[in-house]
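Observations on the three-dimensional arrangement
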Amino acid sequence: TRIKTFKEINVDFLAPERCVFHLDLAPSACFPALFRDRALSSSLAERVATQLLTLCAALHECPTVRVRPNSPMADVGILLVARLQKLKGQGGWWHYGEAGHMERPPGTLLLLDRADDPVTPLLHSCVYQALVNDLLEVKDGVSLKVKGKDVVLNEKDELWTSLRHMHIANVLTGKGSLDEFSKVAAAQGFGELEGQRAQRPRESRPSP
């Protein structure tokens, strides 16, 4: 087999689903550094800034970076802005908002820490995706076994992508969603969805 073309792409982040990314940092390494009043260590700040730079380049974005001056993420913002300016200085088009590429204006990147949002860790998401991860053994957020069969939850599954970010009450009461789910489950040999079991979560789960 001969390689007809080869192109190197500088991508230092993971995109598990459409419009979602993460930096693949081990919680044991980054959580102690993030949840404190002091600035991040220079090595972690450098790594995060470099990874965010590859994200911006992949999205063709040269955003305005906003961060609180006393935030642990402040050093990341300073490093990222310097790297973005250096990349702009190399010439050649790579970001929207530049002359000739005004399809959309430049974006804004907010670097937040937990002081900006102390409530979220105390909340439990009630969307369908969170329920699946709570009740089933999902590996790497995408694969699981149902009745001995391998199931992959990814962008190719139209039903999954349409339901995953909906509140579970809306999934259960949404027009046609249960019928469609039952048809897909039956077609793939998982059995039909029992109406009585479907009604129970609807009645006990909080409303959106």
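Attention here is on the structure that accompanies the text. Source: prediction; values computed, not measured. (Residues numbered from 1 in each chain as written. Predicted model: local features only at pLDDT ≥ 70, side-chain atom pairs only at ≥ 80, totals over all residues. Heavy atoms only, no water.)

1. A few points about the overall build of the protein
- A tally of helices and strands in the protein yields eight helices and six strands.
- Counting from the amino terminus, helix and strand elements in the protein follow one another as β-β-α-α-β-α-β-α-β-β-α-α-α-α.
- Out of the 208 residues belonging to the protein, those deemed buried represent 27%.
- In the protein, the proportion of contacts linking residues at least 24 apart, taken out of those at least 6 apart, comes to 65%.
- A total of about 14,700 Å² of accessible surface is found on the protein, and carbon and sulfur atoms cover 55% of it. (Helix = DSSP H or I, 4+ residues; strand = E, 2+ residues; numbered from the N terminus. Buried < 20%, exposed > 50% of the residue type's maximum accessible area, 1.4 Å probe, protein only. Contact = heavy atoms within 4.5 Å. Areas by Shrake-Rupley, 256 points an atom, 1.4 Å probe, with all protein chains shown as cover.)

2. Observations concerning the packing of aromatic side chains
- Taken as a whole and assessed by the stated rule, the structure comprises two aromatic pairs.
- Aromatic side chains F13 and F21 sit 6.4 Å apart centroid to centroid with 80° between the ring planes, which places their arrangement in the edge-to-face category.
- On the basis of relative accessibility, which here comes to 17%, the residue F13 falls in the buried class.
- Both rings, one in Y128 and one in W160, keep their centres 5.8 Å apart while their planes meet at 55°; by these two values the pair is tilted. In this pair, Y128 sits in helix α4 (residues 128–135) while W160 sits in helix α5 (residues 158–163), placing the two residues 32 residues apart along the sequence.
- A relative accessible area of 14% places Y128 in the buried class. (Phe/Tyr/Trp six-rings, centres within 6.5 Å; stacked < 30°, edge-to-face > 60°.)

3. Quick look at the nonpolar core
- Membership of the largest hydrophobic core comes to 20 residues, with the highest contact counts inside it found for L40, V48, L52, V76, L80 and L84.
- Looking at this core, the elements with two or more residues in it are α2 (42–58) and α3 (74–89).
- Ranked by residue count, the leading element in this core is α2, at eight residues.
- Setting aside anything within four residues of it in sequence, one finds L84 in contact with L53, C56, E61, C62, P63, V65 and W94.
- Listed in part, the 13 residues of the second largest apolar core include L159, W160, V171 and L172. (Core = buried A, V, L, I, M, F, W, Y, C linked by side-chain atoms within 4.5 Å.)

4. Some points on the side chain of T54
- Among the structural elements, T54 can be located in helix α2.
- Taking relative accessible area as the criterion, T54 reaches 3% and is therefore assigned buried.
- A polar contact is formed between the side chain of T54 and the backbone nitrogen of D12, at a distance of 3.2 Å.
- One polar contact links the side chain of T54 to the main-chain carbonyl oxygen of Q51, over a distance of 2.7 Å.
- In this structure T54 touches N10, V11, D12 and F13, once residues within four positions along its chain are discounted. (Polar contact = N/O pair within 3.5 Å; in protein donor to acceptor, adjacent residues only side chain to side chain.)

5. Considerations on the packing of α2 against α3
- Between α2 and α3, the least distance of the axes is 9 Å, while the angle of their chain directions is 45°. Considering the angle they form, α2 stands oblique to α3. Regarding α2 and α3, the two cross each other, and that crossing is right-handed. Residues A45, E46, V48, A49, T50, L52, L53, C56 and A57 of α2 pack against D75, V76, L79, L80, R83, L84 and L87 of α3.
- Class assignment for the residues of the contact of α2 with α3 results in twelve nonpolar, one polar and three charged. (Axes fitted to C-alpha atoms, helices over the stretch in contact; angles between N-to-C directions. Parallel < 35°, antiparallel > 145°, perpendicular 65-115°, else oblique. Left-handed = near helix turned anticlockwise from the far one by under 90°. Nonpolar A, V, L, I, M, F, W, Y, C, P; charged D, E, K, R; others polar.)

6. Focus: α2
- Along its 17 residues, α2 runs 24 Å from first to last C-alpha, staying within 8% of the 24 Å computed at 1.5 Å per residue.
- Against the buried residues of α2 lie β2 (20–22), α1 (27–34), α3 and β4 (108–111).
- Of the residues trailing α2, H60 is marked for its positive phi of about 55°. (Expected span 1.5 Å × (residues − 1).)

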